[in-house]
Amino acid sequence: MPDHSTDNRRLGTLWLDALSAEKGSSRNTLSAYEDGLASYLSWLAGRNMRLAGVTSDDVLAFVGELDDRGYAESTVRHRRSVVRSLHRFLLSEGYSDRDPTFKFEPMKRREKLPFVLSVDDVDRMLETAHALAADTSDGPGRQAGYARRAALFETLYASGMRISEAISLPASVVKPGVRALTIKGKGNKDRLVPLHDRAVEAIMNWRSLAKANGTASEEWLFHSVRNGSKHLTRQAALKEIKAAALAAGLRNPEKVSPHVLRHAFATHMLSNGADLRVIQELLGHSDIGTTEIYTHVDTSRTSRMVFDLHPLNDLGTKEAP
């Protein structure tokens, strides 16, 4: 029985050369294609198969074996793409009379669900932030900083605002009794967002302590504790939130960010029965499809809860009476 490995490698090299010449692929890109090609040719060699004789079933078997062996989805998707590109090349250049992948659609990248805090996680963060804001032992400057942190958290979680929208709020926008804010979001579009009493109280406390510290700003709602002329930066806000997650003892504090609080706002609203269109308006999404990711998050959380709590889940592990 003839060995087809040498001819397969020759054809594979021709394909790689064409990629390099026609597409100007980078060295890293070519290296990734070389790895995918080597995996495919090795699989064919183990079955003594010619590239020109590969069928659709053979390609499916190769991809299925990758999946069975536990390769990451991204790796399976890339190697499938390698095989597809290789066979298209062989057909177009006359090295094969068929393309076994011609019916295959490109694998879609699975949409990654956002990391979402539970209600308990958010409560712990807020409680910790408020406790630090009430502690006078570290001096007025440090206390004012903790009060700003608590106010920022309450604002983000109450409204679902983007961090860029929150840090650019003017000082005059929040007053006692305010229950909603009109903010300017992406595309310079105005929208109305909610603000509950606890958030307003936290903001008033922060403003009061900033004034006592001699740095209250007449321009910005959230500003530096040392200098009221500049608003809080995104980097400073991110640092504050990660520090608060760590102080609250949350798991994976490195994953907590202002955007995660926005995710928490939307997911918790949906869990409590809010209409998806309302959440879309509150978040300022132009497309409902962007908001629909939260339905997947909520379903995922519900599925885990059913699996964990359903009385029949442990049926197979319990002994008969």
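Our structure's up above, just so we're on the same page.
Only a predicted model underlies this, so the values are computations on that prediction, with no experimental measurement involved.

Trainee: Tell me about the overall build of the protein, and please be specific about residues and values.
Mentor: What the protein contains, in helices and strands, is 13 helices and 2 strands. Put simply, the protein has 321 residues, and 43% of those count as buried. Here the contacts in the protein between residues at least 6 apart in sequence split such that 59% fall between residues at least 24 apart. Carbon together with sulfur atoms contributes 50% to the accessible area of the protein, which is approximately 18200 Å² in total.

Trainee: Quick rundown of the packing of helix α3 (residues 56-68) against helix α4 (residues 73-92)? Include the residues and the values.
Mentor: Viewed as axis vectors pointing N to C, α3 and α4 meet at an angle of 160°, and their least axial separation amounts to 10 Å. Here α3 is positioned roughly antiparallel relative to α4, judged by the angle of their axes. α3 and α4 meet at a crossing whose hand is right-handed. The segment α3 lies against α4, with Val59, Phe62, Val63, Leu66 and Asp67 engaging Val76, Arg79, Arg80 and Val83. Here the contact of α3 with α4 is composed, by residue class, of 6 nonpolar, no polar and 3 charged.

Trainee: Lay out the pairing of strand β2 (residues 190-194) in plain terms, naming residues and giving numbers.
Mentor: Alternating residues of β2 divide into Arg191 and Val193, all buried, and Asp190, Leu192 and Pro194, none buried. Linking two consecutive strands that pair antiparallel, namely strand β1 (residues 180-184) and β2, is a turn of 5 residues; a positive phi of about 70° is found at Gly187 within it.

Trainee: Any details on the environment of His4? Residues and values, ideally.
Mentor: Positionally, His4 belongs in the segment before α1 (5-23). Judged by its relative accessible area of 18%, His4 is buried. Taking the C-alpha atoms as reference, His4 lies 5.6 Å from Arg50; in sequence the two are 46 residues apart.

Trainee: Could you give an account of the nonpolar core, with specific residues and numbers?
Mentor: Counting residues in each nonpolar core, the largest one holds 57 residues, and the members touching the most others are Leu117, Met125, Leu181 and Phe222. Those elements that provide at least two residues to this core are α5 (119-133), α6 (140-159), α7 (163-167), β1, α8 (197-212), α9 (234-247), α10 (258-271) and α11 (276-283). With 10 residues, the top contributor of residues to this core is α6. Listed in part, the 26 residues of the second largest apolar core include Leu37, Leu44, Leu66 and Val82.

Trainee: Please provide a residue-by-residue account of α10, values included.
Mentor: The end-to-end C-alpha separation of α10 is 20 Å, in line with the 20 Å expected for 14 residues at 1.5 Å each. With 11 of its 14 residues buried, α10 lies for the most part within the structure. The set of residues buried in α10 consists of Pro258, Val260, Leu261, Arg262, His263, Ala264, Phe265, Ala266, Thr267, His268 and Leu270. Just past α10, the residue Gly273 takes up positive phi, approximately 100°.

Rules behind the numbers
- Residues numbered from 1 in each chain as written.
- Predicted model: local features only at pLDDT ≥ 70, side-chain atom pairs only at ≥ 80, totals over all residues.
- Heavy atoms only, no water.
- Helix = DSSP H or I, 4+ residues; strand = E, 2+ residues; numbered from the N terminus.
- Buried < 20%, exposed > 50% of the residue type's maximum accessible area, 1.4 Å probe, protein only.
- Contact = heavy atoms within 4.5 Å.
- Areas by Shrake-Rupley, 256 points an atom, 1.4 Å probe, with all protein chains shown as cover.
- Axes fitted to C-alpha atoms, helices over the stretch in contact; angles between N-to-C directions.
- Parallel < 35°, antiparallel > 145°, perpendicular 65-115°, else oblique.
- Left-handed = near helix turned anticlockwise from the far one by under 90°.
- Nonpolar A, V, L, I, M, F, W, Y, C, P; charged D, E, K, R; others polar.
- Pairing = 2+ DSSP bridges.
- Core = buried A, V, L, I, M, F, W, Y, C linked by side-chain atoms within 4.5 Å.
- Expected span 1.5 Å × (residues − 1).

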